[in-house]
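Letter by letter, the chains look like this.
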Amino acid sequence: MQKKEDKINALASNNIRVLVFDLEQVLDTPALSTNVSFYKRLLSTFNLTIRDCSENEGTECYMWHEAIGGRGSNEIASCLYQKILNLLNNVTHIITYSDTCGGQNRNINMAALLSLVTANSSTLHIIDQKFLLPGHTHLECDVDHTKIERAKKFSDIPIMIPRDWYQFVRTVKGKKPFKVIEMKQEQFFSFSNLVSTSLTKKTVDTDGNKVNWFHIRWIRYEKVYDLTQRPKRGRPKNITALTNCYKSPLPINPQKKQDLLSLMPLIHEDCHSFNQNLKTSKDAAEMPLINSDFSSDEG
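Criteria and thresholds
- Residues numbered from 1 in each chain as written.
- Predicted model: local features only at pLDDT ≥ 70, side-chain atom pairs only at ≥ 80, totals over all residues.
- Heavy atoms only, no water.
- Helix = DSSP H or I, 4+ residues; strand = E, 2+ residues; numbered from the N terminus.
- Buried < 20%, exposed > 50% of the residue type's maximum accessible area, 1.4 Å probe, protein only.
- Contact = heavy atoms within 4.5 Å.
- Areas by Shrake-Rupley, 256 points an atom, 1.4 Å probe, with all protein chains shown as cover.
- Phe/Tyr/Trp six-rings, centres within 6.5 Å; stacked < 30°, edge-to-face > 60°.
- Axes fitted to C-alpha atoms, helices over the stretch in contact; angles between N-to-C directions.
- Parallel < 35°, antiparallel > 145°, perpendicular 65-115°, else oblique.
- Salt bridge = Lys/Arg side-chain N within 4 Å of Asp/Glu carboxyl O.
- Polar contact = N/O pair within 3.5 Å; in protein donor to acceptor, adjacent residues only side chain to side chain.
- Arc of directions from axis to C-beta.
- Expected span 1.5 Å × (residues − 1).
- Core = buried A, V, L, I, M, F, W, Y, C linked by side-chain atoms within 4.5 Å.
- Left-handed = near helix turned anticlockwise from the far one by under 90°.
- Nonpolar A, V, L, I, M, F, W, Y, C, P; charged D, E, K, R; others polar.

Draft legend 1. Representation of the overall build of the protein. From N to C terminus, the protein includes eight helices and eight strands. Looking at the protein residue by residue over its 299 residues, the buried ones come to 44%. Summarising the internal contacts of the protein: among those between residues at least 6 apart in sequence, 77% fall at separations of at least 24. Of the roughly 17,100 Å² of accessible surface on the protein, 51% is carried by carbon and sulfur atoms.

Okay, structure coming up:
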């Protein structure tokens, strides 16, 4: 009920944005039609969808794969950081909705991100971070995920490398096409490092009660002062210098690498079959043939 009211208020104002976000279940790569791949360790491709409910621009899908980054709180916060940075300057109030997953959404790293952007923005005054109650966890993003999964179920387009997933999501039909943002490794920041170096992690509230993250349903971040200013006493702290999560591509598990290499003949077979069917279809002139060469700059 509260989310519905927030969406109505946002649609009536140019200064309020309601952002709903959720991480889709892992997209396996390659996505083969054979059951043999079910028993293999496949490459993981991730998709964090963010729906801006205060406008009609559709859904943004922030996508990356496991050689670029993981799927923890730093990665989720980094995607949300990119979204907030690209909002218009007239936005003064942001409301976010997500599930209560502690490892991704309801944690100190996400709190550090939202504190940072609230303090450093010249126009943003308030961010309300709200979590859905257990049993009422339906998000607009769930509909977007269903569209993607349903489209893949009824499609014979081969998915052989992560970039194929990026391209496929762009083609999923709906009222608005999905906008895919391909996350680069240098866009993933360590907000946990920010907590340990520049911010103070409070374990008790102003009344002296222990902070229990599992009981939190709503956190408000208000612009009280600029965190980039030098404190009156003590050593100055600069929290604008975010550090990257990673310095190099992440290694693939050796056993997973062996499984992926063992699927190469099946990958070639799937691509060949798709291309042969495409040559005889009426849409052949409009659709490119699939290159089964697995070599790419995906790493």
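The discussion continues.
Draft legend 2. Representation of the packing of aromatic side chains in the model. The tally for this structure, following the rule as stated, stands at five aromatic pairs. Between F46 and W64, the aromatic rings sit 5.6 Å apart at their centres with planes inclined by 50 degrees, giving tilted as the arrangement. On the criterion of sequence distance, the pair formed by F46 in strand β3 (residues 43-52) and W64 in strand β4 (residues 59-65) is long-range, its members being 18 residues apart. You'll find F46 and W64 in the same group, each marked buried. Here the aromatic rings of W165 and F168 are separated by 6.1 Å at their centres, their planes lie at 85 degrees, and the arrangement is edge-to-face. Placement of the pair is W165 and F168 together in helix α5 (residues 162-171), with a separation of three residues, close to one helical turn.

Draft legend 3. Quick peek at the packing of helix α4 (residues 140-153) against α5. Axis separation between α4 and α5 bottoms out at 10 Å; the angle between their running directions is 105 degrees. Considering their axes alone, α4 and α5 lie roughly perpendicular with respect to each other. Residue-level contacts link I148, A151 and K152 of α4 to W165, F168 and V169 of α5.

Draft legend 4. View of the pattern of salt bridges. One pass over the full model with this rule turns up eleven salt bridges. Here E66 ties to K256 by a salt bridge, and the two come within 2.7 Å at their closest N and O atoms. On the criterion of sequence distance, the pair formed by E66 in the loop between β4 and α2 (73-85) and K256 in helix α7 (residues 254-262) is long-range, its members being 190 residues apart. For E66, a relative accessible area of 17% corresponds to the buried category.

Draft legend 5. Focus on the side chain of S78. Tracing the backbone through its elements, the reader meets S78 in helix α2. Among the polar contacts made by the side chain of S78, one reaches the main-chain carbonyl oxygen of N74 at a distance of 2.7 Å. Contacts of S78, omitting those with residues within four sequence positions, involve M183, Q187, F188, F189 and F191.

Draft legend 6. Structural detail: α7. Those residues of α7 that sit buried are K256, D259 and L260. Across the axial projection of α7, the buried residues extend over an arc of 100 degrees, all falling on one side. Set apart from the buried face of α7 by more than 90 degrees, the exposed residues are P254 and Q258. A distance of 2.8 Å separates the backbone nitrogen of Q255 from a side-chain oxygen at the start of α7, and that oxygen is part of N253.

Draft legend 7. Representation of α2. For α2, spanning 13 residues, the distance from its first C-alpha to its last is 18 Å, which sits close to the expected 18 Å at 1.5 Å a residue. For α2, the tally of buried residues reaches twelve of 13 residues, placing the bulk of the element in the interior. All of the buried residues along α2 are S73, N74, E75, I76, A77, S78, C79, L80, Y81, Q82, K83 and I84.

Draft legend 8. Fine view of the environment of V211. One can find V211 in the loop between α6 (191-197) and β8 (218-222). If we ignore the near neighbours within four places in the chain, the residues touching V211 are K202, T203, V204, D205 and I216.

Draft legend 9. Inspection of the nonpolar core at higher detail. L48, W64, L80, L113 and F191 are the most contacted members of the largest nonpolar core, which has 39 residues in total. Mapped by element, the contributors of at least two residues to this core are β1 (16-23), β3, β4, α2, α3 (108-120), β6 (126-131), α6 and β8. The leading source of residues in this core is α3, at seven residues. The residues contacting L80, other than those within four sequence positions of it, are L19, F21, I50, M110, L113 and L114. Counting twelve residues, the second largest nonpolar core, distinct from the first, contains C61, I148, I159 and Y166.

Draft legend 10. Here's a closer look at the packing of α2 against α3. With their axes 9 Å apart at the nearest point, α2 and α3 run at an angle of 20 degrees to one another. Put simply, α2 runs roughly parallel to α3. Judged by the sense of rotation from one axis to the other, the crossing of α2 with α3 is right-handed. Contacts between α2 and α3 pair S73, N74, I76, A77, L80, Y81 and I84 from the former with N109, M110, L113, L114 and V117 from the latter. For the contact of α2 with α3, a count of residues per class yields nine nonpolar, three polar and no charged.

Keep in mind that these numbers describe shape and distance, not what the molecule does.
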